[in-house]
Amino acid sequence: QQQVKQSPQSLIVQKGGISIINCAYENTAFDYFPWYQQFPGKGPALLIAIRPDVSEKKEGRFTISFNKSAKQFSLHIMDSQPGDSATYFCAATRPSGSARQLTFGSGTQLTVLP
Amino acid sequence: ETGVTQSPTHLIKTRGQQVTLRCSSQSGHNTVSWYQQALGQGPQFIFQYYREEENGRGNFPPRFSGLQFPNYSSELNVNALELDDSALYLCASRPGTGGTDTQYFGPGTRLTVL
């Protein structure tokens, strides 16, 4: 019930195209869903996050779509650029007493071709 | 930059040894979490500290232990190192148990166990 399943494992997109990464979860206690971007040799950096009372959130070229009934959420990267080439992780978290642990998906390696 | 720093950047140890990894959180961030990221996988939650006490733990054995200090620094200690402990170790901080749920990651320490 703690798993977050992420797909695809890898994605190749042409410059200017749309990149779409999907995640699904089982635990309905999750109440915060962030997406992280990670470059080689670096720690994950927060891109955008959403709570389940909202169906969509947009920040610049990045959009999260959230389907609470299906327990699925996705990241859309519009006008993808070569600089977006990185590994993307979806995550979910829930309160557990006073602690909050992030449960991560397995990651998607995005390559944007020039 | 997240303002979270970690040291050392890289570390090589042999099986059975002990290791201490260090993290310095942003000022005012009194909650710190540690994660283990094996190659090609998402980070796995080890434990969380709040005001110098452990208040959440993932599925890691007791030979993984930690300390948090009043000056926003913290340590991860691993005893009796095993080959499978080779990974990137990440610390993440956030302002507290309330408020934002966003966790800010440091660049990580790459541990290699031979």
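Residue numbering note: each chain is counted from 1, following its sequence as written. In the order they appear in the text, chains get letters beginning with A and ligands get numbers beginning with 1. Only residues with pLDDT of at least 70 get local features here, since the model is predicted, and only at 80 or more are side-chain atom pairs given and counted; chain-wide, interface and lining totals rely on the full set of residues. Note that the side-chain values use all heavy atoms of the structure and ignore hydrogens as well as water.

### Overview of the pairing of strand S5 (residues 45-50) of chain A
Residues and elements named next belong to chain A.
Part 1 of the argument: For strand S4 (residues 33-38) and S5, the ladder comprises five bridges, and the chain directions are antiparallel. Bridge assignment links Phe33 to a residue of S5, and that residue is Ile50.
Part 2 of the argument: A strand pair is defined by DSSP finding two or more bridges across the two strands. Runs of H or I in DSSP of at least four residues are treated as helices and runs of E of at least two as strands, each being numbered from the N terminus. The antiparallel pairing of S4 with S5 creates a hairpin that spans six residues between the two strands, and Gly41 there sits at a positive phi of about 80 degrees.

### Overview of the packing of aromatic side chains
Part 1 of the argument: Within 6.5 Å between ring centres, the rings of Phe, Tyr and Trp (the latter by its six-membered ring) count as paired, and their orientation is classed by plane angle as stacked under 30 degrees, edge-to-face over 60, tilted in between. In this structure the tally under the stated criterion is 18 aromatic pairs over all chains.
Part 2 of the argument: Considering the side-chain rings of Tyr25 of chain A and Phe33 of chain A, the 4.9 Å spacing of their centres and the 45 degrees angle between planes classify their relative orientation as tilted.
Part 3 of the argument: Categorising residues by exposure relies on relative accessible area from a 1.4 Å probe, with only protein chains included: less than 20% of the type maximum marks a residue as buried, more than 50% marks it as exposed, and the intermediate range marks it as partly exposed. A residue is classified by how much of its surface remains accessible, and Tyr25 of chain A, at 5% relative accessible area, is buried.
Part 4 of the argument: Overall, the relative accessible area of 0% leaves Phe33 of chain A in the buried class.
Part 5 of the argument: Judged by centre distance (6.1 Å) and plane angle (70 degrees), the rings of Phe104 of chain A and Phe105 of chain B are edge-to-face. Separated into two different chains, Phe104 of chain A in strand S10 (residues 99-104) and Phe105 of chain B in strand S10 (residues 104-105) make up a pair that spans both. Of the two residues, Phe104 of chain A and Phe105 of chain B, both sit in the buried class.

### What to know about the sheet that holds strand S7 (residues 64-68) of chain B
Hydrogen bonds between backbone atoms are what pair the strands of a sheet, whose relative direction is either parallel or antiparallel.
All names here are of chain B.
Part 1 of the argument: As summarised here, the arrangement of the four strands in space is S1-S3-S8-S7, forming an open sheet in which the pairing is antiparallel. Edge positions in the sheet fall to strand S1 (5-7) and S7, since each has one partner strand and no second. For this sheet the average axis-to-axis angle between neighbouring strands, irrespective of direction, equals 20 degrees.
Part 2 of the argument: In the sheet, strand S3 (residues 19-24) pairs with strand S8 (residues 73-78) via six bridges, with the strands oriented antiparallel. Within S8, the position partnered with Ser24 by the bridge is Ser73. Axis definition: a line fit to C-alpha positions, over the contact stretch in the case of helices; interaxial angles, taken between N-to-C directions, run 0 to 180 degrees.

### Concerning the state of the cysteines
Note on terminology: disulfide describes a covalent bond linking the sulfur atoms of two cysteines.
Part 1 of the argument: Disulfides are defined in this document as cysteine sulfur pairs within 2.5 Å. Counted according to the given criterion, the structure contains two disulfides over all chains.
Part 2 of the argument: Disulfide partner of Cys23 of chain A: Cys90 of chain A, at an S-S distance of 1.9 Å. Disulfide Cys23 of chain A-Cys90 of chain A: the torsion about the S-S bond is -95 degrees, which places it as left-handed. One end of the pair, Cys23 of chain A, is in strand S3 (residues 19-25); the other, Cys90 of chain A, is in strand S9 (residues 86-96), and 67 residues separate them in sequence.
Part 3 of the argument: Across a sulfur-sulfur distance of 2.0 Å, Cys23 of chain B and Cys91 of chain B are joined as a disulfide pair. Between Cys23 of chain B and Cys91 of chain B the sulfur-sulfur dihedral comes to about 70 degrees; the bridge is accordingly right-handed. Of this pair, Cys23 of chain B sits in strand S3 while Cys91 of chain B sits in strand S9 (residues 87-94), and the two are 68 residues apart along the sequence. The burial state of Cys23 of chain B is the same as that of Cys91 of chain B; both residues are buried.

### Focus: the environment of Arg51 of chain A
Part 1 of the argument: Within the fold, Arg51 of chain A resides in the loop between S5 and strand S6 (56-59).
Part 2 of the argument: When the C-alpha atoms of Arg51 of chain A and Ala92 of chain A are compared, they prove to be 9.8 Å apart, with 41 residues separating the residues in sequence.
Part 3 of the argument: Pairs of residues are marked as contacts when any of their non-hydrogen atoms sit within 4.5 Å. Setting aside its immediate chain neighbours within four residues, Arg51 of chain A contacts Asp31 and Tyr32 of chain A together with Asp101 of chain B.
Part 4 of the argument: For Arg51 of chain A, the side chain forms a polar contact with the main-chain oxygen of Asp31 of chain A, separated by 3.2 Å. In the analysis that follows, any N or O atom pair within 3.5 Å is treated as a polar contact, provided that within protein one partner can donate a hydrogen and the other can accept it, and provided that, for residues neighboring in sequence, both atoms belong to side chains.

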